[in-house]
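Here's the letter readout for the chains.
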Amino acid sequence: MNVTEERPAVPVGVERSPGIARAADFSRSGSPERVIPQATVTRLATYLRVLGILADDGVLIVSSEELANAAGVGSAKLRKDLSFLGPNGVRGVGYDVMRLRAKIESALGLDRGHKVVLVGVGNLGEALARYGGFGRRGFSMVGLFDRNPDRVGLDIDGLLVQHVDTLALACRELEATIGVIATPDEAAQAVAAEFVAGGVECILSFSPVTLDVPDRVEVRRVDLAVEMQVLSFNSSRNEASGRSAAGGESAPPSPRTGPARLGRSRGPRVTPGSMPGTGVGAGTTISPPISSSTAGSSTVGGSTRNGSVIAP
């Protein structure tokens, strides 16, 4: 489908066509809704993370240059991204941190909250279940499931691990909106089918397996191996470029010309405090078929159901 700049207003959400999301006109003037590219949606999530850190440090106003540097993008790109949300900021002054944060949360659908159910309480699954950052970003962990008898019945931060046989029914009772798959490859499809049966229409999978789900179900895959392969490629190219430059040869263009790659906050710090990273600790492994031993494939990074890779 062709991407246009304006569309008739509809509820905020994500289109089924790859790479496009929608956001309402937050000025509430009744003007048409803007169509937001998927890459912009990804960057909005990064801006939201930075704004959360600024708010925690008591920062009230931030300039576009400061916010862009902290997010690892160019200020022009940041201003273009934020233009999809409607009028923002004051020229020569900057952005109101709390107001812009609320706008992005609304655009991403976080203002209504999400209930998350996780299957596979192994090393990775338990680390995700214990991570306290989800609640601050609009995600509530409401259910944990596993098949391993050694895991079923465990209390993890107030949630009892239930047997996966009850998954579909529990998803409906808990009104889950997002399902997380932290199992090995061989169990991922079966878990996805149970999520679908339970009415869950958003799935985050830590298995590289392409899931067979209805078109109405949104799927994100996270693959660590792919991201490490990309790092390996970039490292090799940088080394080759350095050798060529040392030998007097003209070096090929750097793959990172222009603004820093999203996720690399190379700019100066814009708050009085530190800007710690977030995420699951290194060294975690994926549980076995809905259990606690390690799986055959590690994962991180982002990809959609059609296999395209999106930088975190």
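The residue numbering used here restarts from 1 in each chain and proceeds along that chain's sequence as written. Under the rules for a predicted model, residues below a pLDDT of 70 receive no local features and side-chain atom pairs below 80 are neither given nor counted, while totals for whole chains, interfaces and linings still include all residues. Side-chain metrics rest on all non-hydrogen atoms present in the structure, leaving aside hydrogens and water.

(A) Up close: helix α9 (residues 224-246). Runs of E in the DSSP output that reach at least two residues are strands. Runs of H or I that reach at least four are helices, and both are numbered from the N terminus. Each residue after the first adds 1.5 Å to the expected span of a helix. Between its terminal C-alpha atoms α9 stretches 33 Å, which fits the 33 Å expected from 23 residues at 1.5 Å a residue. Within α9 the residues assigned to the buried category are Glu 227, Asn 234, Ser 241 and Ser 244. Its side-chain oxygen placed 3.0 Å from the backbone nitrogen of Ala 225, Asp 223 serves as the N-cap of α9. Exposure categories follow from relative accessible area, calculated using a 1.4 Å probe and restricted to protein chains: below 20% of the type maximum is buried, above 50% is exposed, and the middle band is partly exposed. Definition of a polar contact: a pair of N or O atoms within 3.5 Å, with one able to donate and the other able to accept a hydrogen when the atoms are protein atoms, and with sequence-neighbouring residues admitted only if both atoms are side-chain atoms.

(B) Geometry of the packing of helix α1 (residues 38-56) against helix α3 (residues 75-83). Axis lines are fitted through C-alpha atoms, for helices just across the contact stretch, and the angle between N-to-C directions can take any value from 0 to 180 degrees. At a minimum axis distance of 10 Å, the contact between α1 and α3 shows a crossing angle of 105 degrees. On the basis of their axis angle, the class for α1 and α3 is roughly perpendicular. Across from Thr 40, Arg 43, Leu 44 and Tyr 47 in α1, the residues of α3 making contact are Lys 77, Leu 78, Asp 81 and Leu 82. Of the residues that constitute the contact of α1 with α3, the class distribution is four nonpolar, one polar and three charged. Roughly parallel here means an angle under 35 degrees, roughly antiparallel means over 145, roughly perpendicular means 65 to 115, and every remaining angle is called oblique. In what follows, residue pairs with any heavy atoms lying within 4.5 Å of each other are defined as contacts. Residue polarity is assigned by list, with Asp, Glu, Lys and Arg as charged and Ala, Val, Leu, Ile, Met, Phe, Trp, Tyr, Cys and Pro as nonpolar; anything else, Gly included, falls into the polar class.

(C) Quick peek at the pattern of salt bridges. Here a salt bridge means any side-chain nitrogen of Lys or Arg lying within 4 Å of a carboxyl oxygen belonging to Asp or Glu. Under the counting rule described, the total for this entry stands at eight salt bridges. Glu 126 is paired through a salt bridge with Arg 151; the nearest N and O atoms lie 2.7 Å apart. Placement of the pair is Glu 126 in helix α5 (residues 123-130) and Arg 151 in the loop between β8 (139-146) and β9 (155-156), with a sequence separation of 25 residues. Each of Glu 126, Arg 130, Arg 151 and Asp 157 takes part in one network of salt bridges that share partners.

(D) Summary view of the pairing of strand β7 (residues 114-119). By the criterion of burial, β7 is predominantly enclosed, with five of the six residues buried. Strand pairing follows a simple DSSP-based rule, namely that at least 2 bridges must link the two strands. The pairing of β7 with β8 spans six bridges and is classified as parallel. In the strand pairing of β8, Lys 115 is matched with Ser 140. Across four bridges, the pairing between β7 and strand β11 (residues 178-181) is parallel. Bridge assignment links Leu 118 to a residue of β11, and that residue is Val 180.

(E) Just unusual backbone geometry, in detail. In this model, Asp 157 sits at a positive phi of 50 degrees, which is unusual for a non-glycine residue. Residue Asp 157 is classed as exposed on the basis of its relative accessible area of 52%. Phi at Glu 175 takes a positive value of approximately 55 degrees, unusual for a residue other than glycine. With respect to the helices, strands and loops of the structure, Glu 175 is situated in the loop between α7 (167-174) and β11.

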